[in-house]
Amino acid sequence: MFDIGVNLTSSQFSRDRDEVVARARAAGVHGMLLTGTNRHESEEAQRLAERFERCWSTAGVHPHDSSSWSPEVAEAIYTLVNKPEVVAVGECGLDFNRNFSTPAEQETAFSAQLAMAAELGMPVFLHCRDAHDRFFALLEPWLDHLPGAVLHCFTGTRDELQACLDHGLFIGITGWVCDERRGLELRELLPMIPAERLLLETDAPYLLPRDMTPKPASRRNEPAFVPHILARVAEWRGEEAQWLEGVTDNNVRQLFNIDF
């Protein structure tokens, strides 16, 4: 199993980061992609990916942090994505839900990162919330110049999922789908996703699957819980978990051009 979305730089892991990685290994998680969300977090994610075996990272600026985008930040991200541990540009995209950065700032940073990925021939690790139409207006012109893209932590509608599939995106599914309230719509959409376009992630330490028993006392999500997400997704898709694990692992290899 491979977890494509781990926020291992989070302060929630500051006291036991090594143990978190060890628990993931013991649970059968053979690889992890550590998420970079701004300059500092991207630099730290790369250092952690360098430190831990079979870990890789992304480098980019999340829409919430788009106000920090500058020529200096762009240069720092460009330097990072040329390092061997960094296998995707991002997390980048648009988030018009809370607008921690203005829509204009988000669009500037997103477009610049798409251009960088196209120049370097790298896949993109994408974020979209309440911004579907504008997101695709900016993304679509670049898709033919990118080797691949994943929309991380997909929680959208049926029409939005179909648009993602029509544009060739991989779809990242988290423990959100395990939520007995918020995840029901997404659960119904799971069979729409071709197995060869599906990726699994925890988004740890966030989005702890609500149907875990017993629930962790800390209520903190960990990459060790991706087997639970795999089992649930396979069940709701009507597939065998071991088979789906093999398919999603191959998807990781294809999209990020890594071996694990």
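Report on the accompanying structure.

The rules behind the values
Residues numbered from 1 in each chain as written. Predicted model: local features only at pLDDT ≥ 70, side-chain atom pairs only at ≥ 80, totals over all residues. Heavy atoms only, no water. Helix = DSSP H or I, 4+ residues; strand = E, 2+ residues; numbered from the N terminus. Expected span 1.5 Å × (residues − 1). Contact = heavy atoms within 4.5 Å. Polar contact = N/O pair within 3.5 Å; in protein donor to acceptor, adjacent residues only side chain to side chain. Axes fitted to C-alpha atoms, helices over the stretch in contact; angles between N-to-C directions. Left-handed = near helix turned anticlockwise from the far one by under 90°. Nonpolar A, V, L, I, M, F, W, Y, C, P; charged D, E, K, R; others polar. Salt bridge = Lys/Arg side-chain N within 4 Å of Asp/Glu carboxyl O. Buried < 20%, exposed > 50% of the residue type's maximum accessible area, 1.4 Å probe, protein only.

Now for helix H2 (residues 39-51). Compared with an ideal rise of 1.5 Å per residue, which puts 13 residues at 18 Å, H2 spans 19 Å between its outermost C-alpha atoms and is within 8% of the ideal. Where H2 is buried, its residues contact helix H1 (17-26), strand S2 (31-34), strand S3 (55-59), helix H3 (71-80) and strand S4 (86-95). Residue Asn38 occupies the N-cap position of H2, its side-chain oxygen lying 3.2 Å from the main-chain nitrogen of His40.

Close contact between H3 and helix H4 (residues 103-120) brings their axes to 11 Å; oriented N to C, the two are set at 30°. Note that H3 runs across H4; the crossing there is right-handed. Two secondary-structure elements touch here, H3 through Ala74, Ile77 and Tyr78 and H4 through Met116, Glu119 and Leu120. The residue makeup of the contact of H3 with H4, split by class, is five nonpolar, no polar and one charged.

The final tally for this structure, using the stated rule, is 16 salt bridges. With a closest N to O distance of 2.9 Å, Glu222 and Arg23 form a salt bridge. Here Arg23 lies in helix H1 and Glu222 lies in the loop between strand S8 (198-200) and helix H8 (226-237), a separation of 199 residues in the sequence. Classification of Arg23 as partly exposed rests on a relative accessible area of 36%. In this structure, Arg182 engages Asp179 in a salt bridge whose closest nitrogen and oxygen atoms are separated by 3.2 Å. Each member of the salt-bridge network shares a partner with another, and the members are Asp179, Glu180, Arg181, Arg182 and Arg210.

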